[in-house]
Structure formats: C-alpha cells, structure tokens
Amino acid sequence: MPRTSQLLIYYEWKMLIRNRFQLLMLAVTFLFGMYAIYYGQSEINAQRQTIRAVQALEQEEFSSYQASFTEEMETLEQEQTHDIASRPAYAWYRHGYHAILPPHDYAALTIGQRDLFRYYYRLTGMSLHYQLFENELANPVNLMVGNFDLSFVLVYLLPLLIIAFCYGLFSSEKENGTLPLLQMQPVSLRRIILVRLLFYFGLITELAFLLSLIGLFTSGNPLKGENLVPALAWLVGVLVYCAFWFGLLFLIISFRQSSAFNAITAVGCWLLLLIVVPAVLNVIVTVKYPLSSATLAGLTRRTGLENENDEEEARAVIQEFLAHKPELTGSDSLMKNDLLPKAYAAFTSLKDINNQQQVDRYNAQVAQRNAWTSHFHWLSPAVNMQEVLAHIAETDVNTFLQFQSALAGFHGEITDFYFTRLFWDKLIVSEDYAHLPAFEMPKDSHRWNTVWWGLGKIFLAAGGTFVFGFIKMKERAK
C-alpha cells in the first residue's frame, strides 16, 4: 500500500479513537448484535424443546401400543390400549404421527417465517385439510414488528451505522474549511475519499463479520458438512451487502453537496429500500393476488354424518369413497363389520377430495404471490439480502410451502396404512409396527441457485453504485 494511503488510514484511525460518539455507536451496535444472537437462539431453542417434547410423546404413545401385544390384559385400561393398538377402527383416527420441519443450525440468526408458519403437525388418518388449517395462535405483536434477530441487525441497523460514519467524509472537510488544504496535497481528492471510505468499510465489515462469526459458531459448527456452505454464503452476503451501502454512500458523496444533503439523501435511500419498496410491493401483491383466510375457514369446521344410526347413509358414503379408492373394495365383510368407523373414514377422505380444488387454488395463489414478489427483489438489495439470508437458514416461504406439500404425501401414507386394514377387516399386528409411516422432508435442489443469484444481484448493485460514483467524482474533478 502506498505510504500516502497508509498515512491517511493512520490519521483516520487517530480521529476515530478520539471520537467517543463513534466508538459508542460501534459498541451499541455490537451489543445489539449480541442480544439479537441471544434472542434468535432463545426462540429456536424453544422450538427445539417443543419438537423434542412432541417426539417423546409420540414415542411413548407407540411404545405403549407395542407393549400391549405382549402384556397380560389385567385391567380395563390395558384392554382399551390394546384395542387402539390392534383394531384399525380405533387406530385410524387415534394414532398420531408428527411431521416435523427441524430448524437449521443457523435458523437462530434469521428466524424468517418460522414464527409465522407451523413447523410441526400431528397427523392422523382424519381430514388432512382440517389438520393443516387448524391455526395456532401466534403473538400478534411479534408478527407485526418481526423478530430482533441477527439478520435484522445486519440488514436494517448496519446501513444506518454506515451512513452515520460516512455521510460527511467530503462535506465536513468543506464545511470545516480544511478542503483547500486537502486539495493542495499531491494525491487526488477522489483518492483521499476512497481511502477514508475503505477504512470505514474495513471497520464496519469487520464488526459485521465478528457478529456473524459469533453467531455462526454459537449456533452450529461452521466446519460441519451441512453448515460449511451456508456459513460461507452468509459471510459472502455480509461482505457484498456492506459493499453495496458503501458504494451508495460513495455515489452520494460524489455529488459534493453539504452534509445535510448527504445525510438526508442517505437516510431517504434507507427508507426507500427498507420500508417503502417492501410496503409498495406488499400492497401491489395483495391487490393482484388477494388471499382470504375465510376461504379455508370452512375446511376447519367439524362436520359428520347426518345420522350416525342410518346404515344406508353410511353405506352410501362408503360406496362414494370406494369409487375413488377401488383397491379397497373386495372384502366379503366390507359392509358388515365396523360400518360406522368405515363411514367416518370415508366421509373425512371425501371431504378432502371435494375440497382439494379449493385448497389447490389457495396454494397456487400463495405460490404466485411469492413468485411475483421475488421478481422484484432487485429493486431493493436490502429485501434481496433478507431473502438470501432466509434461504441460507431455510426459514424462507418456499421451505414452508414445500413442507406443506410434503405433508399431503405423508398423510396419504398414513391413510393407506390404516384404511387398507380397516376396509379389508384386518387387525394390526405387532410386526406392522416395524413398518409405520415416517415423514421425510424432501431436499430443495434449487435453494443454492436462489442464494447465489440473489448475492449476484447485490454484488451488481454494489458495483454499479461504485462505478457511477467513481465516474461522477472524476467529472467533478475536471
């Protein structure tokens, strides 16, 4: 590095350590970041505890069923447990399986949609739609303001720190009367500003890296196979996002206006990119693809047979269902044994079949909203960055939409397991417990394309603002 640049950095450092307000801002940002890491980890740890609890309940439930096959039936409770374990007429709606979307190690750093969408479901053979859309109450205050996680500090607060440190790099010299002295130096004014900007870029990016590394190491081992690429992508994201805001400040400074102009313009850009653009996109997408929760409200309403004692009605419902599931017909005792359980199983399945078109329309609307919004992320690198971080930590909307899609297949496995035995009048035996349905979340093969493409767009925005500022500064120097 040329000696002149070294001197400029040295004097910038001296000015920094004498400015208590700037040091205080750095310290406060660091403390905010540490609290954000703690907050995110607390939220995700609470979710992990819930997951462990429901898994333990499921294991205990099925262990008691399996044990009932070897126990002596001495009490009424033991007999009831064995009936639920072995008779499909009871088991199809009592045996509950948990489909779980476990948090990624780095979900604590960007909670994303994990506080909005459900991350586990207990599914039985009953209506899938009823079980899916039965809402859990969430804290409306949290939903309104979002979560104070590390991504919030990096995406929202870090740009304000950059603005506070850099808006007066040129104008303060002009306003303090030291600009003529700088212009007398053997190096160009553009180079002086660039070196000073580079100094603060290094300082604030190091702060962002420090917070990120603390978050990455305390949330999961970054050297672990599944965490290595996400950790690297996170750090690359922090680097290009900081580069974008420094490029934008360089562009604003290149107009060589007053400190007030620079500060107002920079804060205006912050408001535009982080508040206005997301709000406008949200309004447009709401009008273009309206969603009504009332659409699904009817699906969560409990309904049943009109007259449980009417065997003709029960047979009619079963026959209507078997038209969709011909593989379940053929048993000689189909309409003789367990008529009411079969009728209810058929009724809930028919309800799902009849409502599927309505649910598909709703899901398509959600997917279209998400796809349409993603087309305009380039308008705001801040929105883009938040989406990239959510994809890295698997807390984005697409992950939860895929989770809900996978539930349909899992529910199909559950109903196949029980309905085959129910409609063919077969008991569940002890050996069947080795082949119970198990949920598996499919991998998203396009996740990293989205991440790298998103980072590429931020990098292009950073490069564009810097090049434009460089040209503007050169024109002014002439």
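Above: the structure in question.
Worth saying up front: this structure is predicted, and the values here are computed from it rather than measured.

Caption draft 1: Inspection of the overall build of the protein at higher detail. Secondary structure summary: the protein contains 18 helices and 2 strands in total. Relative to its length of 478 residues, the protein is extended, with a C-alpha radius of gyration of 30 Å against a globular reference of 23 Å. Expressed as a percentage of the 478 residues in the protein, the buried residues total 46%. Taking as baseline every contact in the protein between residues at least 6 positions apart, the subset at least 24 positions apart corresponds to 83%. Accessible surface, the protein as shown: approximately 24,400 Å² in total, 59% of it carbon and sulfur. In the protein, the 36 positive side-chain charges and the 43 negative ones have mean positions that sit 21 Å from each other.

Caption draft 2: Structural context of the packing of helix 2 (residues 20-67) against helix 10 (residues 189-219). It is the contact of helix 2 with helix 10, at a shortest axis distance of 10 Å, that shows an interaxial angle of 20 degrees. Classed by the angle they form, the pair helix 2 and helix 10 counts as roughly parallel. Regarding helix 2 and helix 10, the two cross each other, and that crossing is right-handed. Contacts between helix 2 and helix 10 involve Gln22, Leu26, Thr29, Phe30, Gly33, Met34, Ile37 and Gln41 from the first element and Tyr200, Leu203, Leu207, Leu210, Leu211, Ile214, Gly215, Thr218 and Ser219 from the second. Tallied by class, residues from the contact of helix 2 with helix 10 come to 10 nonpolar, 7 polar and no charged.

Caption draft 3: Region of interest: unusual backbone geometry. At Asp338, a residue that is not glycine, the phi angle is positive and equals roughly 45 degrees. Inspection of the secondary structure puts Asp338 in the loop between helix 14 (311-322) and helix 15 (339-374). You can call Asp338 partly exposed: its relative accessible area is 28%. Located in the positive-phi region is Asp425, a residue other than glycine, with phi close to 55 degrees. By the secondary structure assignment, Asp425 is in the loop between helix 17 (397-423) and helix 18 (447-477). Residue classification places Asp425 among the partly exposed positions, given a relative accessible area of 26%.

Caption draft 4: Summary view of the pattern of salt bridges. On inspection of all chains with the given rule, the structure shows 14 salt bridges. Measuring nitrogen to oxygen at the nearest pair gives 2.7 Å for the salt bridge that ties Arg196 to Glu12. Remark: Glu12 occurs in helix 1 (residues 3-18) and Arg196 occurs in helix 10; sequence separation between them is 184 residues. Across this residue pair, the class does not change: Arg196 and Glu12 are buried. Across the pair Asp444 and Arg447 runs a salt bridge whose closest N-O atoms are separated by 3.9 Å. The class of Arg447 is buried, set by a relative accessible area of 6%. Here the residues in one salt-bridge network are Arg48, Asp105, Lys224 and Glu226, joined through shared partners.

Procedures and definitions
Residues numbered from 1 in each chain as written. Predicted model: local features only at pLDDT ≥ 70, side-chain atom pairs only at ≥ 80, totals over all residues. Heavy atoms only, no water. Helix = DSSP H or I, 4+ residues; strand = E, 2+ residues; numbered from the N terminus. Rg over C-alpha atoms; globule rule 2.2 N^0.38 Å. Buried < 20%, exposed > 50% of the residue type's maximum accessible area, 1.4 Å probe, protein only. Contact = heavy atoms within 4.5 Å. Areas by Shrake-Rupley, 256 points an atom, 1.4 Å probe, with all protein chains shown as cover. Lys, Arg positive; Asp, Glu negative; His and termini not counted. Charge placed at Lys NZ, Arg CZ, Asp CG, Glu CD. Axes fitted to C-alpha atoms, helices over the stretch in contact; angles between N-to-C directions. Parallel < 35°, antiparallel > 145°, perpendicular 65-115°, else oblique. Left-handed = near helix turned anticlockwise from the far one by under 90°. Nonpolar A, V, L, I, M, F, W, Y, C, P; charged D, E, K, R; others polar. Salt bridge = Lys/Arg side-chain N within 4 Å of Asp/Glu carboxyl O.

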